[in-house]
Amino acid sequence: MATTYKTFLNNDITSTKTLLHESIPLTGALVSGTYGTYPSGSNIKNYAHGMFQSVYDYPYLSSSANHIFDITCGYAPNSPLSSSDSNISVQNAKKINIYNQMAQVLMGYDATGSILRFDEDGNITDGGTKIDSGYFLNFSRLLSKDEIKKGSFTMKIGTGSWASPMSTANVAGDGRVTIADTNAQNDYRVNSPAGEYGILSMSVGYDTEGPVTPKVGLIFYQAGIIFLSSSVFFRTSQGGVLQSNADTDMTMAGNNNITASFTGSLIQDAANNLRHRIDNISFNNTTELNSTIHFCRINHNDFNYSSNPTYLSQSKIVVKNNTQDAPVSYITTVGLYSADNELLAVAKLSEALKKDPTNEMTVRVRLDY
Amino acid sequence: MSTYKFSPNDIFYNRIKTFPEVSFYIYDRRVIYNNKGVSAGQFVSNVTQMTGPVTGGFISLYELNVDRPSDSLIYPFVTKDGSLTAFKTISTTAFNSDFAYGEQINGSYPLTASISLDRYQADQSRPKIQALKTALNSYQNLSYAYAYNSDFGNKATQEMRLISIPSIFYGSSIKKGSVSLKFYITGTLIGELKDDKMNGELRQFATSSDGVTITQSGSIAGVVLYNEGFVILTGSWPLSSHTEKYLCPRSATPGKPRWIDFGYTGSNGSGDCLNVNLPSSSFSMIFSGTNYVPTLTMLAHASKGELNHSNNPTYKQYGSVISQTSSIGTTQFVESIRAPIVNVASSSFVSSSADFQKITFIDQIGIYDDDKNLIAIAKLANPIRKREMDDYTFKLKLDF
């Protein structure tokens, strides 16, 4: 219990912010094939509602399992994929609802109250190309933490045949395309109600005008959500962005193209199709550590005496040899008190500091939260 | 939306005190924590990646690297910048000389905690025990067995066993009277220590000849530091005629089991031979921790005649033109008379509308701070019908 208090002045307290990151690698083996035979897997959870599929890093019935991400897909009401004929499109309403719900949360509304569709380059006021169908990957908060680090996201997708998605060189290089938010740390958008977002581009692929890195989706950093356009899976001659050696699309189960997969199969089957082609995903997350630093300034004439019972023996200061010696104390603890002198926090020193009238010191107390 | 201020009588601060039980079972260089075994994965033999001289008995802080190969581990990193922040495992010298500004400083997962058992021979150096001298002497008022140097022995020199328990296992303190240490030979209990007097003394109880009845022999074999999380065992009398090589080095003559040999093969600490087996001896340690859960209870009142209007669009009749005919000025808001409220009052008669009542359905309560920022939402399992005559109080509880 302190008997003397010293009041902090304005320049004794400051706040800092530290960014802590984690590197998160997710291999294709994790999302497909390790814990069962594809498309089943004890780490893959499907739900009766059929709205999305969850991927865990271990069989989800185990208490050790962590939720990694959810996969779902959807398309806009005015997309060509949308149809009022339920015989043509499986889970049509759900897929439209998913697109609308994600668009409401991630893109917001226009002045008339209409839902804004996902914009390819994020420039909503200019109109431009909209992304009307695609996959949503919602990463768990456990992995994305406060936000995904801008410019750190990469996702490799195998472009080969359905039977061997990773081995056949359907595109230049190793047959895989890399989807990344390249340079997003310097170029990101802030016009989303869900926070900041970047543009995903594909490393290998051509549009109709020649070699570029086409825009293939959006990444919402604080929300931890990836929206991947279905154009990734189409060859350029079909209006997609995939530069295919054999002029073929990235086919899905049953050798269907992505349109047939989106309209003709359940959401969980469409999710299975994407998992089958994921080679790996990696990103870095960010956690903000906010700190308040209290500078406890001890002047030469402060805290040279202790009220500790062991400080005195027979009315003499234990740590003094001669009566003429200056008083000495050893500082082991700093207590932070409220204005009402209630003890709020205690900072312990790793070793005691000798204090006498000949020295001054500043003890730096950092409080992280 | 209406907002109401909590009165002092509407807010209660409580603290729930819980005593979660913790158990360790030690056998053959394996520590089983809370009866939970080690799960093997597809890529590693222990999915939680927690390894040491003994298997199991760990708590992983984040449990992120579950069944991952060594080249796919999640790891933390910070970038060296002007804030001079780094991991505690990075020394000041290394921070200054090994990393340039803008360079990445990596850490590693998992971060784990486990019990540690240290064995001290007579007159062996024991800095950990010396560090506990003040704490031990301060508990002499509970039992003289705590004293650093007393008739019970001199803890600076006598043979002893120190069991260190990280606070993540017990919380604020170990619950008094909950500690139980059992020594088994080939599965048969040969002795048990309990702090039955709740004063920190670990007194021996023994199984009687019928193998069931536990009788107290009364001998004090050690003490428990409840707040600090240490168990110190000094009992050196033989518990059984069975002999095994409890001593290190292993070339020593086999000895009879004593309390100072407790937990021999479960040690991650110093003083024991690591990587050795004791095929006949096993050990159990059970105690309860103390965990405090601060609780905030708030009473939200929906009084008679209040909260009977909703701004929800569905509160008005479908098809009503709300926005175009409302009059909004600097001093007034006149709602459209063409936006009538839906009458949801139930009639007692078939095919007859009931008289109009202002009825709302309360389905959630928002908590706002002084600046009207929404900081919490309490959702009801089922919406509550609120008529003008109804008077409700909602009890909101927040644990943290």
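Cut-off values and rules
Residue numbers here run from 1 along each chain, matching the order of that chain's written sequence. The naming scheme follows written order: chains are lettered A onward, ligands numbered 1 onward. Restriction of local features to residues with pLDDT of at least 70 applies here, the model being predicted, together with a cutoff of 80 or more for giving and counting side-chain atom pairs; totals for whole chains, interfaces and linings are based on all residues. As a rule here, side-chain values cover all heavy atoms of the structure and leave hydrogens and water aside. Each helix is a run of H or I in the DSSP string that is no shorter than four residues. Each strand is a run of E no shorter than two, and both are numbered from the N terminus. The rule is simple: take the accessible area with a 1.4 Å probe, protein chains only, and divide by the maximum for that residue type; under 20% is buried, over 50% is exposed, in between is partly exposed. Contact definition: two residues touch when any of their heavy atoms are within 4.5 Å. As a reference, a globule follows 2.2 Å times the number of residues to the power 0.38, and the radius of gyration itself is taken over C-alpha atoms. Like charges are joined within 9 Å and nonpolar side chains (Val, Leu, Ile, Met, Phe, Trp, Tyr) within 5 Å, but only among residues with over 30% relative accessible area and no salt bridge; these make up the patches. Note on areas: Shrake-Rupley with a 1.4 Å probe; residue coverage comes only from the protein chains shown. Counted as salt bridges are all cases of a side-chain nitrogen of Lys or Arg within 4 Å of a carboxyl oxygen of Asp or Glu. Here the quantity called buried area is the total loss of accessible area, with a 1.4 Å probe, experienced by two parts when brought into contact, counted for both. Polar contacts here mean pairs of N or O atoms no more than 3.5 Å apart (in protein, one a potential hydrogen donor and the other a potential acceptor; neighbouring residues in sequence count only if both atoms are side-chain atoms). Polar here means any residue outside two lists: the nonpolar Ala, Val, Leu, Ile, Met, Phe, Trp, Tyr, Cys and Pro, and the charged Asp, Glu, Lys and Arg; Gly therefore counts as polar. Only strands joined by at least two bridges in the DSSP assignment are considered to pair. The criterion is simple. A nonpolar core is a set of buried Ala, Val, Leu, Ile, Met, Phe, Trp, Tyr and Cys residues joined through side-chain atoms within 4.5 Å.

Explain the overall build of chain B to me, and be specific about the residues and the numbers.
Across its full length, chain B holds 3 helices and 23 strands. Sorting the 400 residues of chain B into buried and exposed places 40% on the buried side. Summarising the internal contacts of chain B: among those between residues at least 6 apart in sequence, 61% fall at separations of at least 24.

Tell me about the overall build of chain A, and please be specific about residues and values.
Counting its secondary structure elements, chain A contains 5 helices and 22 strands. The globule rule puts the C-alpha radius of gyration for 369 residues at 21 Å, and the 30 Å found for chain A is more than 25% above it. Once the C-alpha set of chain A is aligned to its principal axes, its extents read approximately 100 × 50 × 40 Å. When burial is assessed residue by residue, chain A has 47% of its 369 residues classed as buried. Relative to all contacts within chain A whose residues are 6 or more apart in sequence, the contacts with residues 24 or more apart total 63%.

Break down a nonpolar patch on the surface for me, with residues and values.
Residues and elements named next belong to chain B. Taken together, the side chains of L61, Y62, L111 and I168 make up a nonpolar region of the molecular surface, amounting to roughly 360 Å² of accessible area. The topology assignment puts L61 in the loop between β4 (58-60) and β5 (75-79). Taking the relative accessible area as the measure of exposure, L61 reaches 45% and is therefore partly exposed.

I'd like to hear about the interface of chain A and chain B, residue by residue, with values.
Each partner contributes residues to the interface: chain A has 23 residues there, and chain B has 24 residues. Between chain A and chain B, the buried area comes to about 1900 Å², and carbon and sulfur atoms account for 56% of it. The tally of links from chain A across to chain B stands at 0 salt bridges. Scanning the region where chain A abuts chain B turns up 8 residue pairs in polar contact (both at pLDDT 80 or more). Contributions of two or more residues to the side of chain A that touches chain B are made by β1 (13-27), α1 (28-31) and α3 (141-144) of chain A. Top contributing element to the side of chain A that touches chain B by residue count: β1 of chain A, with 10 residues. In the side of chain A that touches chain B, the residues fall into 11 nonpolar, 9 polar and 3 charged. Of the pairings in the sheet, the one linking β1 of chain A to β5 of chain B comprises 3 bridges and is antiparallel in character. From the neighbouring strand, H21 of chain A faces β5 of chain B, where its bridge partner is F77 of chain B.

So what about the nonpolar core? Which residues, and what values?
If you look at the biggest cluster of nonpolar residues, it comprises 71 residues, and the most contacted ones within it are F118 and Y135 of chain A. No other element matches the 6 residues that helix α2 (residues 92-106) of chain A contributes to this core. Counting 50 residues, the second largest nonpolar core, distinct from the first, contains A113, I115, L136 and I163 of chain B.

Describe the pairing of strand β9 (residues 154-158) of chain A, naming the residues involved and giving the relevant values.
Residues and elements named next belong to chain A. For β9 and strand β10 (residues 176-180), the ladder comprises 5 bridges, and the chain directions are antiparallel. Note on β10: the bridge partner recorded for K156 is T178. Taken together, the 4 bridges between β9 and strand β17 (residues 278-298) define a ladder with antiparallel strand orientation. Across the sheet, the residue bridging to M155 is I281, located in β17.

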